[in-house]
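Secondary and tertiary structure notes
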2 protein chains.
Amino acid sequence: MSSERTSILAANAAFYSAIAKGDYRAMELLWARLRPVACIHPGWSAITGRNQVMASWRTILTRPPAIKCSDPKVFPLGEAAMVLCREIIGQTVLAATNIFVREAETWKLIHHQAGPTPEVAEEAPPRQRMH
Amino acid sequence: MSSERTSILAANAAFYSAIAKGDYRAMELLWARLRPVACIHPGWSAITGRNQVMASWRTILTRPPAIKCSDPKVFPLGEAAMVLCREIIGQTVLAATNIFVREAETWKLIHHQAGPTPEVAEEAPPRQRMH
């Protein structure tokens, strides 16, 4: 895999890690500062502007969902990049679009949209009980 | 407004016109041929690949929804561009992300995601009845 794809995937993974950990500081660092940003959370209207987008994350990250990213696919677009992936929260599967731009040699988010799918995630097998 | 923004908005408007008219031929011309494409219809899982994406539009356009695009916002990204907009179908309001790339001097779609919002569109006022 190219180093570009590797670094885009790393930025995408860091995004989901920040959500799962409820790490607002990490989330703030992941979003672009030099370009307009936007976000469409599942079932929400679009939010535009860095202050509004970060305020939405501050709210969400007070009760961080146990989210996992699966099947990320990278679409390089020059100075930008798109990643499509599944978001798995319990048995719920969301379909997500994440848009990144290169800012100071780092891939930063400028947009995230996630929405419901009819898919049902398989639950992890229960741990074997010790009797 | 820059001519770049104007041409991106024109491509976005043509996309919604093709949906509303059920014009599959126009839709086919609007999607990129030289790059991988994807689509996340409301409530669907992600579809990837031109054949699969176009097959989904062929199905949808057999019964075209009376869709209107409202409040499009352009985010130029170099050789790519993002447009966020509202999609209004009756009283339903969806939030959409459309990603375009420049291909042979024309802006072509490489991705579309739309999802539900809690907004309720105002219905057009009823025409005055003639008694």
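Residues numbered from 1 in each chain as written. Chains lettered and ligands numbered in written order. Predicted model: local features only at pLDDT ≥ 70, side-chain atom pairs only at ≥ 80, totals over all residues. Heavy atoms only, no water.

**Description of the sheet that holds strand S2 (residues 47-48) of chain B**
Residues and elements named next belong to chain B. Taking strand neighbours across the sheet as the criterion, the 6 strands line up as S2-S1-S6-S5-S4-S3 in an open arrangement whose pairing is mixed. Lying at the two open borders of the sheet, with one neighbouring strand each, are S2 and strand S3 (67-77). Pairing of strand S1 (residues 38-40) with strand S6 (residues 106-120) involves 3 bridges; the strand directions are parallel. When the sheet's bridge partners are listed, Ala-38 is paired in S6 with His-111. In the packing of helix H1 (residues 3-21) onto the sheet, contacts are made with S3, strand S4 (80-89), strand S5 (92-103) and S6, and the angle to S3 comes to roughly 150°. (Pairing = 2+ DSSP bridges. Helix = DSSP H or I, 4+ residues; strand = E, 2+ residues; numbered from the N terminus. Contact = heavy atoms within 4.5 Å. Axes fitted to C-alpha atoms, helices over the stretch in contact; angles between N-to-C directions.)

**Details of the confidence of the model for chain A**
Here chain A shows a mean pLDDT of 94. Residues at 70 or above account for 93%. Across the interface, the model reports ipTM at 0.93; the global pTM reads 0.93. (pLDDT = per-residue confidence, 0-100.)

**What to know about the interface of chain A and chain B**
Each partner contributes to the interface: chain A provides 33 residues, whereas chain B provides 33 residues. Buried surface at the junction of chain A and chain B, both sides included, amounts to about 2,200 Å², of which 67% is carbon and sulfur. Our count for the chain A to chain B interface comes out at 0 salt bridges. Listed by contribution, the elements that provide at least two residues to the side of chain A that touches chain B are strand S1 (38-40), strand S3 (67-77), strand S4 (80-89), strand S5 (92-103) and strand S6 (106-120) of chain A. Of all the elements, S6(A) adds the most residues to the side of chain A that touches chain B, at 9 residues. Classifying every residue of the side of chain A that touches chain B gives 20 nonpolar, 9 polar and 4 charged. (Buried area = accessible area lost by both parts, 1.4 Å probe. Salt bridge = Lys/Arg side-chain N within 4 Å of Asp/Glu carboxyl O. Nonpolar A, V, L, I, M, F, W, Y, C, P; charged D, E, K, R; others polar.)

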